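Summary of the model geometry
Chain by chain, the residues:
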Amino acid sequence: MAGTASPGLVWVLVEYRGGWPPNGFDGLDLEAGTKALVLSAARTAGARVLLVRRPGPRRRHGPNSWAVVRHHSSGAYQQLWGTWDRDEDLADIVTALASPGKPGFPPVILICAHGRHDPCCAVRGRPVGRALGERWPELVWECSHVGGDRFAANAVVVPDGVYYGGLDAQSSVATIEEHLAGRIHAGYLRGYTDLSPLQQAAVAAVLERFGPAGRHDYLVTETLHEGDHWRIHITGNPPHPAHIDVELQPRRSPQCQLTCLAPAEGSVLVYEPTSIRRT
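To keep things clear, this report deals only with the structure shown in the data block.

**A few points about the nonpolar core**
- Ranked by size, the top nonpolar core spans 39 residues in total, and within it Leu132, Tyr164, Leu207, Ile234 and Val246 carry the most contacts.
- Broken down by element, this core gets its largest block of residues, 8 residues, from helix H5 (residues 197-210).

Set out below in structure tokens:
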């Protein structure tokens, strides 16, 4: 799974309690002008638009929520939240995307449960959403497609920008509990959304070798292509190793059924660590 987190630093979350189309927000029957404004602003900001809902029985009354959450390269996190009743209310998202946002919010835990995009996400994601929702009811939302259906159940912690995959109800609670305590483990980690796939794989290898660490305890400082392999230099904050070199060998995975709905078998590029050493 290492190296498979989808890139992104900004997320737009739109609570929608009805059925989710296969293509998520793009497929909603909303007022055309407002929808176009939101999608245009999201593209300009490099934001991903996700539909969200609380796990369990759907609320039938009250306004829906929306949020814009950001991860800054400095490590600062900012969010803006609002509500909507009418389609036109979603135009407030455009203003929020042009605003720097506010710090101090807790993270948002997203569990992909988008069954109409891929049934594996619903079958595996909903039990994880329920388990996490019982533990952290204010933090957890089911969400539409986040990428990597083959790794369901998938969780994304935003605006931290951390992807986890292959979760079940028990492992998800332990994984998120450790995450919230500032200890990211390699076991279920797919990667960090501000890094390239090979950089994500290198950080996962470091966590596997030297143990869990906080989201910004390791920094990728150099990425070199050397012949048939890559070398990633990583610096760590105390008490973690100060300087580490990771060598990665790209290879193709065996042909397999990548997702429940894939029409044929496929192969993906993976980055295998061949050397991890302190420098």
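**Observations concerning the sheet that holds strand E4 (residues 77-84)**
- Spatially, 9 strands are ordered E4-E3-E1-E2-E6-E5-E7-E8-E9 in an open sheet, and the strand pairing comes out mixed. Each edge of the sheet is formed by a strand with only one pairing partner; in this case those strands are E4 and strand E9 (189-192). Averaged over all neighbouring strand pairs, the angle between strand axes comes to 25°, with direction disregarded.
- As defined by bridge partners, strand E3 (residues 64-71) adjoins E4 across 8 bridges and the pair is classed as antiparallel. Paired with Ser65 across the strands is Thr83, a residue of E4.

**Digging into empty space enclosed by the protein**
- Applying the stated criterion across every chain, the model contains 1 cavity of 30 Å³ or more.
- Space inside the largest cavity adds up to approximately 50 Å³.
- Lining the largest cavity, in full, are Glu15, Arg17, Arg53, Arg54, Pro57, Arg58 and Arg59.
- Residue composition of the lining of the largest cavity, grouped by class: 1 nonpolar, no polar and 6 charged.

**Digging into the packing of helix H3 (residues 119-135) against helix H4 (residues 169-180)**
- One can describe the packing of H3 onto H4 by two numbers: an axis separation of 8 Å at closest approach and a directional angle of 45°. Looking at the two axes, H3 sits oblique to H4. Crossing angle aside, the handedness with which H3 passes H4 is right-handed. On H4, the residues touching Pro127, Val128, Ala131, Leu132 and Arg135 of H3 are Ala169, Ser172, Val173, Ile176 and Glu177.

Cut-off values and rules
Residues numbered from 1 in each chain as written. Predicted model: local features only at pLDDT ≥ 70, side-chain atom pairs only at ≥ 80, totals over all residues. Heavy atoms only, no water. Core = buried A, V, L, I, M, F, W, Y, C linked by side-chain atoms within 4.5 Å. Buried < 20%, exposed > 50% of the residue type's maximum accessible area, 1.4 Å probe, protein only. Helix = DSSP H or I, 4+ residues; strand = E, 2+ residues; numbered from the N terminus. Pairing = 2+ DSSP bridges. Axes fitted to C-alpha atoms, helices over the stretch in contact; angles between N-to-C directions. 1 Å grid on protein atoms, 1.4 Å probe; cavity = no way out; pocket = protein on both sides within 12 Å on 5 of 7 lines; lining within 4 Å. Points joined across faces, edges and corners; volume = space filled by probe spheres on them. Nonpolar A, V, L, I, M, F, W, Y, C, P; charged D, E, K, R; others polar. Parallel < 35°, antiparallel > 145°, perpendicular 65-115°, else oblique. Left-handed = near helix turned anticlockwise from the far one by under 90°. Contact = heavy atoms within 4.5 Å.

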